[in-house]
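Below, each chain spelled out in residue letters.
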Amino acid sequence: MSVLVNGSPTKEFVVERGLRQGDPLSPFLYVIVAEGLKGLVNKAVENGDFMSFDINRLCSIDILQFADDTLLVGDGSWNHIWAIKSVLRAFEIVSSLGNGFSVSFWHSSWLTSGCLRDIFPSLFSASLLKDVSVGSMGGWVGEVWKWGDLVIAYPNNPGLIDDLFLLHDNLNLVSPKKEGKDKVVWNDSVDHSFWVKGCYDYLSSSFVPFGPANFNDKAFSLIWKMRVPLKIKAFGWRCFIEKIPTKDLLVRRGILSNFNDISCVFCGANTESTYHLFIGCQVVTLVWKEVAGWIDFGEVGMVDLKDSFLRWSSFCKHKRVKKGKE
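These lines cover the structure that appears in this document, whether it is placed above or below. This structure is a prediction, so every number in the text was calculated from the model and none was measured.

The subject of this paragraph is the side chain of S263. Along the chain, S263 falls in the loop between α9 (247–252) and α10 (274–280). For S263, a relative accessible area of 16% corresponds to the buried category. Polar contacts involving the side chain of S263 include one to the side chain of D261, which spans 2.6 Å. Each residue touching S263, except ones within four places of it in the same chain, is listed here: K247, G268, N270, T271 and E272.

It is worth spelling out the layout of surface pockets at this point. Counted as a void, the second largest pocket has a volume near 770 Å³. If you go around the second largest pocket, you meet 24 residues; those closest to its centre are I223, M226, F309, W312 and S313. Elements with a contribution of two residues or more to the lining of the second largest pocket: α7 (218–223), α8 (230–240), α10 and α12 (305–315). Per element, the largest residue contribution to the lining of the second largest pocket is 6 residues, and it comes from α8. Across the lining of the second largest pocket, the residue classes tally to 16 nonpolar, 3 polar and 5 charged.

The next point concerns the nonpolar core. Of all hydrophobic cores here, the largest spans 21 residues; its most connected members are F105, W110 and L167. Every element with two or more residues in this core is listed here: α4 (121–126), β8 (144–147) and α5 (158–171). Sorting elements by how many residues they give to this core places α5 first, with 4 residues. Setting aside residues no more than four positions away along its own chain, L167 makes contact with W106, L111, L116, F120, L123 and L150. Residues I244, A292, M302 and F309 belong to the second largest nonpolar core, which totals 13 residues.

So, on to unusual backbone geometry. In the Ramachandran plot, E242 falls in the positive-phi region, its phi being about 55 degrees despite a non-glycine side chain. Among the secondary structure elements, E242 is positioned in the loop between α8 and α9. A relative accessible area of 45% means that E242 is categorised as partly exposed.

Further remarks concern the pairing of β8. The two faces of the sheet receive side chains in turn, since in a regular strand these alternate between them. Here β8 shows one buried face, formed by W145 and W147, and one open face, formed by V144 and K146. In the sheet, strand β7 (residues 138–141) pairs with β8 via 4 bridges, with the strands oriented antiparallel. Counted as the bridge partner of V141 is V144 from β8. Counting the residues between successive antiparallel strands, the hairpin from β7 to β8 contains 2 residues, one of them, G142, with a positive phi of roughly 70 degrees.

Here the structure, examined in full by the defined rule, presents 10 aromatic pairs. When the ring of W140 is compared with that of W145, the centres are 5.6 Å apart and the planes differ by 70 degrees; the resulting orientation is edge-to-face. Judged by its relative accessible area of 11%, W145 is buried. Aromatic ring contacts, followed pair by pair, group F105, W106, F124, W140, W145 and W147 into a single cluster. Over the face of the ring belonging to F124 we find K130, whose NZ or CZ atom lies 5.5 Å from the ring centre.

Moving on, we come to the side chain of K233. On the secondary structure map, K233 appears in helix α8. Other than its neighbours up to four places away in sequence, K233 contacts I223, W224, M226 and V228.

Below, the discussion takes up the pattern of salt bridges. Within this structure, the stated rule accounts for 3 salt bridges. The partner of D62 in a salt bridge is K38, with the nearest N and O atoms 3.3 Å apart. Here K38 lies in helix α1 (residues 25–46) and D62 lies in the loop between β4 (59–61) and β5 (63–66), a separation of 24 residues in the sequence. Accessibility expressed as a relative area gives 9% for D62, which makes it buried. Salt-bridge contacts for R252 lead to D248; the nearest nitrogen and oxygen are separated by 3.3 Å. Placement of the pair is R252 and D248 together in helix α9, with a separation of 4 residues, close to one helical turn.

This model, assessed by the stated rule, comprises 0 disulfides. Cysteine C264 is unpaired, with the sulfur of C267 as its nearest cysteine sulfur at 3.8 Å. Since its relative accessible area comes to 3%, C264 is described here as buried.

The next subject is empty space enclosed by the protein. One pass over the structure, following the stated rule, counts 1 cavity of 30 Å³ or more. A volume near 50 Å³ is recorded for the largest cavity. If you go around the largest cavity, the residues you meet are V41, A44, F50, L72, A83, I84 and V87. Those elements that provide at least two residues to the lining of the largest cavity are α1 and α2 (78–92). Per-element tally for the lining of the largest cavity: the top contributor is α2, with 3 residues. Residue composition of the lining of the largest cavity, by class: 7 nonpolar, no polar and no charged.

Reading guide: rules and limits
Residues numbered from 1 in each chain as written. Predicted model: local features only at pLDDT ≥ 70, side-chain atom pairs only at ≥ 80, totals over all residues. Heavy atoms only, no water. Helix = DSSP H or I, 4+ residues; strand = E, 2+ residues; numbered from the N terminus. Buried < 20%, exposed > 50% of the residue type's maximum accessible area, 1.4 Å probe, protein only. Polar contact = N/O pair within 3.5 Å; in protein donor to acceptor, adjacent residues only side chain to side chain. Contact = heavy atoms within 4.5 Å. 1 Å grid on protein atoms, 1.4 Å probe; cavity = no way out; pocket = protein on both sides within 12 Å on 5 of 7 lines; lining within 4 Å. Points joined across faces, edges and corners; volume = space filled by probe spheres on them. Nonpolar A, V, L, I, M, F, W, Y, C, P; charged D, E, K, R; others polar. Core = buried A, V, L, I, M, F, W, Y, C linked by side-chain atoms within 4.5 Å. Pairing = 2+ DSSP bridges. Phe/Tyr/Trp six-rings, centres within 6.5 Å; stacked < 30°, edge-to-face > 60°. Lys NZ or Arg CZ within 6 Å of the ring centre and 35° of its normal. Salt bridge = Lys/Arg side-chain N within 4 Å of Asp/Glu carboxyl O. Disulfide = S-S within 2.5 Å.

The analysis is restricted to geometry; functional conclusions fall outside its scope.
This is the structure:
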């Protein structure tokens, strides 16, 4: 790749990291972050700190998000203004271990690879301070951090005492900072910074397929090797994992209700799902048969999307199809 400077191309360079304009991964990363803000608003509504705006008593709106625009909707009151400010402040704060006052002792992954409530469930159940922050569980004595009493109710349970000693051993290995904000770090990199490639490598190394190897798994690797635009590859991959916004998926995500019309946009006879929209629909089946007739594909009968993709891609490697019929 090279760029134009005053109309003249620079020396070519290799793109290694980052997102280019139009990269289909960009909106996914944005949605991951934006979902956090949506979760905070939902929590504020659940706690009664923020009231949604009702529309004819049919539905309520509290937040609208599109692209990089966000609109918070609610009654005009000072309480709501303070609630919005608190939500935005919480969204701004990034959390791992700085001074520890914005990190939950039991519910955050700050000490090990998981939350302490999951690693020590018996201690969590016996704790009298389930919602305390890390910074509140100790204090500085001069330049030395001292962990305080964990306020655990002691039943006569040797296993509980053993867990308590193990937890203290882990706590004594770390201490909060005297100053500085809490922030999120990526533990699988040397400098604790997040890279998409590092996340992909981690997920790839930890992936364990269920059951014997499936022939259709080849579809996942083959689609990324196709000579088509990247957005087409991304769309095909989303079809394979059934993550395109069909009506049945929108219902499962709570975007549509069961009272909405979720029938197929083509035939209107069945629920619109990924499988039905591309294979099962009788209207779509007629289209596939017509296309197959043009190139002498034979019997169309398709089991699922991955199987169909492999069959069509294998057939289209034939020279006669590449050059076109005489």
